[in-house]
Structure formats: C-alpha cells, structure tokens
Amino acid sequence: MDSKQIEQLLEKYWNCETSLEEEQQLRAHFRGEVPESLSEIADLFRYFDVQQKQQVEHSDFDALVKSQIKQHRPEGKIIKMFYNYGRIAAGLVVVVAATYFVRQEMRKAYPPEITDTYSDPRLALEETKKALLMISKSFNKAQKEVGKIKVFNEAEERIQGKSLDETKEQATKI
Amino acid sequence: MKYFVTTCPCHRLAFETMNLETFEIRVLPTKNKLFRFAFRLLGSSEEAKDVVQEVMIKVWNGREQMAEIQNMEAWCMRITKNLSLDRLRSRQRRATDPIEQGMEIKNETLTPHERTENHENMERITEMIAALPEKQRQVIHLRDVEGYSYNEICEILELDMNQVKVSLFRARNAVKEKFLKINAYGL
C-alpha cells in the first residue's frame, strides 16, 4: 500500500467509515516500518495489537474454572430454591399477621352487639321473661290505642253504606 | 462442534443443554477476551480475573436457559460487562482512577524489545483511553482491540447502532485530538 492509500484509509478510520477488513489492513501496515510523520499513529495501532495479546494471568485458569463449576452447581441451586420458598413463606406470614391485627382492631372499634351477659341460665331465663313481658305489655297498650281507630272505620263504613243506599233509592224512583 | 450437526437422537441432549465438553469448546476459550474487557472496565487484573470466573460460573449454572443462544461469545461479553459495571458501582469509584495499574499490566505483556522501544507512547495511549468516558472506552476496546462488528457490539453493550457509532466516533476523535496536541507541544 502506498502512502496515499494509507492517508485515505486513515481519514476513513477517523470518520468511522472503515470496515473491519480495512482496519485489519491498517493494523498490518503499521506493524512494518512507517515514515516519521505517522509514527504516533503507528503506535496507536501497535497498542491495539499488543492489547489483543493480553491473557488471563493464571497458571491453569481452565482447571480452576472447571473445579469451581463442579463445586458450585448443586449448592447454588438449593440455596436459590430455599430462597424462593422463603420469600413465599415470608409473604404469607405478613398477610396472616396483618389480617390478625386488623381483626383485633376491628373488634375493639366495633364491639359485637350480642354478647353473653349472664353465666347462670336461670337468671338469664328470668331476664328474658321480663323482657318478653315488657314487650307484651307494650303490645297490649298499643292494641288498646288501635281500638280507637275502629270507631273511625265504622263511621266511614256507615257513610259509604248510606250513600250506596241513596243511589239505589234514586235508581228505583226513576 | 460435532454435536451441533448430528441428527442422531442419542446426541440430542448435547444440543439442548450444554455439557462440560461444549462448555470447554464454546465458553472457556473466550476467557482472554472476557479478561481484557473486564480489565479495561475495572483497571485491576485481579478483579478482572474474578469477574471472568464469575461469568463462567454464571454461564454454567444457567446453561439450561442458554441452549438457544447462538453467539455465545457475545453473550459472555455482555455478562462480563454487567458484572464489571456492578463491581464498579459497588466500589463507587471512578473507572479512570487505576491508570497506574493499567500500565503495570501492560508492561508485563510486552516483550523486552517492545518495552524499551514504545514504552512511553504506549503509556500515553493507555492513559488516553482510560480517560475516555465509560461508554466510549467500551466501544473503542471492542472495535479496535477485539475487532468486533458493529452488530456484535450492539449485542454486547445492549445499545442501538446509532449510539455505538456515535460513541466510537467520539472516542476515536478524542484520541486523534490528543495526538494533534502532543505533536503541537512536540514542535
């Protein structure tokens, strides 16, 4: 490659228009001798070249990894499963605890209307009788009052009966 | 890679889930690329090595889900990137700090001849690239050091084509600018 081509390729390179092959050509070119003016650029491409040769520094990395994956596999899975179950269990515990406390609070805030007040059944019976008597007394009283309404009813019926008779009499007269 | 062309039902299993042999063929050989990438991001060879081991274990443990992955290398590179960035964040350290460590490692990989000849310039270039913003550093490493295609870089970095190209353009131009400056001072 002559210097003109290299200049053109470099221009394309800075504009990110070079293909991978062209970039490899540049690298290959700068591995050889280059004029003084391009020595800085050559260093850049040599730097890339050198960097690509860097390797993991470990005597037997593959063996290390292989032994690690053998140890790691079953253990990791069990932990993960327990972890998942643990999460579900923790969620349930929270829900149960929350409902328990809410129920308690609700009971405190709204005490139930029917509660056991007597422990002795006889006493309870007495009290119930009393209550029922009171209700029946009230009923009787109310019935008396209702009796008065009867008078009105009878009066109404009588008036209606009269008017009916009148119409009948008129009809026979004609 | 015999396992991937066979139609014999007894070899089916090898196609579906990775066994140790396919792991050795497809995953282990990527170790140096993974190491270089992690090293570029973290700036410490010890940590980079840890990350590579972590990636390998992750790929092995998740091999059942990864049976359909075609570009295993790009996938490994992506995991490397994510784990390295996690480490960077947990360290809460700026990635441009460990320039000195970078130089130390680089010297080890140079032959004595190269070391005496280019030492100063190589140092300068390492510094230049280490000073770039994270994304630009990733892209210039993947493209100019490792020679990945733009599509592969998109896959590894989880970026779209435009972002990759813009980052590479900025990275290369930052390097070029610095060269021009050095030359100006040199005169």
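All of the points below concern the structure found in this document.

Cut-off values and rules
Residues numbered from 1 in each chain as written. Chains lettered and ligands numbered in written order. Predicted model: local features only at pLDDT ≥ 70, side-chain atom pairs only at ≥ 80, totals over all residues. Heavy atoms only, no water. Helix = DSSP H or I, 4+ residues; strand = E, 2+ residues; numbered from the N terminus. Buried < 20%, exposed > 50% of the residue type's maximum accessible area, 1.4 Å probe, protein only. Contact = heavy atoms within 4.5 Å. Phe/Tyr/Trp six-rings, centres within 6.5 Å; stacked < 30°, edge-to-face > 60°. Core = buried A, V, L, I, M, F, W, Y, C linked by side-chain atoms within 4.5 Å. Patch = residues over 30% accessible without salt bridge, like charges linked within 9 Å, V, L, I, M, F, W, Y side chains within 5 Å. Areas by Shrake-Rupley, 256 points an atom, 1.4 Å probe, with all protein chains shown as cover. Salt bridge = Lys/Arg side-chain N within 4 Å of Asp/Glu carboxyl O. Expected span 1.5 Å × (residues − 1). Polar contact = N/O pair within 3.5 Å; in protein donor to acceptor, adjacent residues only side chain to side chain. Axes fitted to C-alpha atoms, helices over the stretch in contact; angles between N-to-C directions. Parallel < 35°, antiparallel > 145°, perpendicular 65-115°, else oblique. Left-handed = near helix turned anticlockwise from the far one by under 90°. Nonpolar A, V, L, I, M, F, W, Y, C, P; charged D, E, K, R; others polar. Buried area = accessible area lost by both parts, 1.4 Å probe.

1. Some words on the overall build of chain A
When helices and strands are counted, chain A shows 5 helices and 0 strands. Along chain A, helices and strands appear, N-terminal first, in the series α-α-α-α-α. Buried positions account for 18% of the 174 residues belonging to chain A. Considering only residue pairs separated by 6 or more positions, chain A has 32% of its internal contacts joining residues 24 or more positions apart.

2. Observations regarding the packing of aromatic side chains
Inspection of the entire model under this criterion finds 8 aromatic pairs over all chains. Ring centres of A:Tyr100 and A:Phe101 lie 5.5 Å apart, and the angle between their planes is 70°; this geometry places the pair in the edge-to-face category. Residue A:Tyr100 is classed as partly exposed on the basis of its relative accessible area, which comes to 48%. Relative to B:Trp60, the ring of B:Phe23 has its centre 5.2 Å away and its plane inclined at 75°; by these criteria the two rings are edge-to-face. Here the residue B:Phe23 occupies a position in helix H2 (residues 20-26), and B:Trp60 occupies one in helix H4 (residues 45-61), the gap between them amounting to 37 residues.

3. Brief notes about the nonpolar core
Counting residues in each nonpolar core, the largest one holds 69 residues, and the members touching the most others are A:Leu10, A:Phe30, B:Phe23 and B:Val59. Setting aside residues up to four positions removed in sequence, A:Phe30 forms contacts with A:Ile6, A:Leu10, A:Leu38, A:Ile41, A:Ala42, A:Phe45 and A:Arg46.

4. Focus: a nonpolar patch on the surface
All names here are of chain A. Together, Met81, Tyr85, Ile88 and Leu92 make up an exposed nonpolar region whose accessible area comes to about 460 Å². Summarising the element assignment, Leu92 is placed in helix H4 (residues 61-109). Residue Leu92 is classed as exposed on the basis of its relative accessible area, which comes to 54%.

5. Re the pattern of salt bridges
Under the definition given, this model contains 20 salt bridges over all chains. Close ionic contact of A:Glu23 with B:Arg172 constitutes a salt bridge, the shortest N to O distance being 3.1 Å. Of this pair, A:Glu23 sits in helix H2 (residues 20-31) while B:Arg172 sits in helix H10 (residues 161-186), each in a different chain. We note that A:Glu23, like B:Arg172, is buried. The salt bridge partner of A:Arg46 is A:Asp43, with a shortest N-O separation of 3.6 Å. Placement of the pair is A:Arg46 and A:Asp43 together in helix H3 (residues 39-52), with a separation of 3 residues, close to one helical turn. Beyond isolated ion pairs, a larger network of salt bridges with shared partners links A:Glu23, B:Arg143, B:Asp144 and B:Arg172.

6. Points about helix H8 (residues 134-145) of chain B
Across its 12 residues, H8(B) extends 16 Å between first and last C-alpha, which sits within 8% of the 16 Å expected from 1.5 Å per residue. Turning to H8(B), its buried residues are B:Gln136, B:Arg137, B:Gln138, B:Val139, B:Ile140, B:His141, B:Leu142, B:Arg143, B:Asp144 and B:Val145.

7. Considering the side chain of B:Arg172
You can call B:Arg172 buried: its relative accessible area is 1%. Here A:Glu23 takes part through its side chain, which lies 3.1 Å from a polar atom of the side chain of B:Arg172. Residue contacts for B:Arg172: discarding those within four places in its chain leaves A:Tyr13, A:Trp14, A:Cys16, A:Thr18, A:Glu23, B:Ile140, B:Arg143 and B:Asp144.

8. Quick word on the packing of helix H3 (residues 31-42) of chain B against helix H5 (residues 72-91) of chain B
All names here are of chain B. Interhelical geometry of H3 versus H5 gives an angle of 25° and a closest axis separation of 9 Å. Classed by the angle they form, the pair H3 and H5 counts as roughly parallel. Here H3 and H5 pass one another in a crossing that is right-handed. Along the contact surface, H3 presents Lys33, Leu34, Phe37, Ala38, Leu41 and Leu42, while H5 presents Glu73, Cys76, Met77, Thr80, Lys81, Ser84, Arg87, Leu88 and Arg91. For the contact of H3 with H5, the per-class residue count stands at 8 nonpolar, 2 polar and 5 charged.

9. Looking at unusual backbone geometry
Within the chain, A:Cys16 stands out as a residue other than glycine whose phi angle is a positive 60°. Looking at the secondary structure, you find A:Cys16 in the loop between helix H1 (3-14) and H2.

10. Brief notes about the interface of chain A and chain B
Facing 36 residues of chain A, the contacting portion of chain B comprises 50 residues. With both chains or domains summed, chain A and chain B bury close to 4100 Å², and 59% of this area falls on carbon and sulfur atoms. Three residues stand out in chain A for area buried against chain B, namely A:Trp14, A:Tyr47 and A:Gln54, and they jointly supply 17% of the buried area on that side. The interface formed by chain A and chain B contains 5 salt bridges. Here A:Glu23 and B:Arg143 are joined by a salt bridge, their closest N and O atoms 3.0 Å apart. For the side of chain A that touches chain B, the secondary structure elements donating two or more residues are H1, H2, H3 and H4 of chain A. Looking at the side of chain A that touches chain B, the element that brings in the most residues is H4(A), giving 11 residues. Per-class residue counts for the side of chain A that touches chain B are 14 nonpolar, 10 polar and 12 charged.

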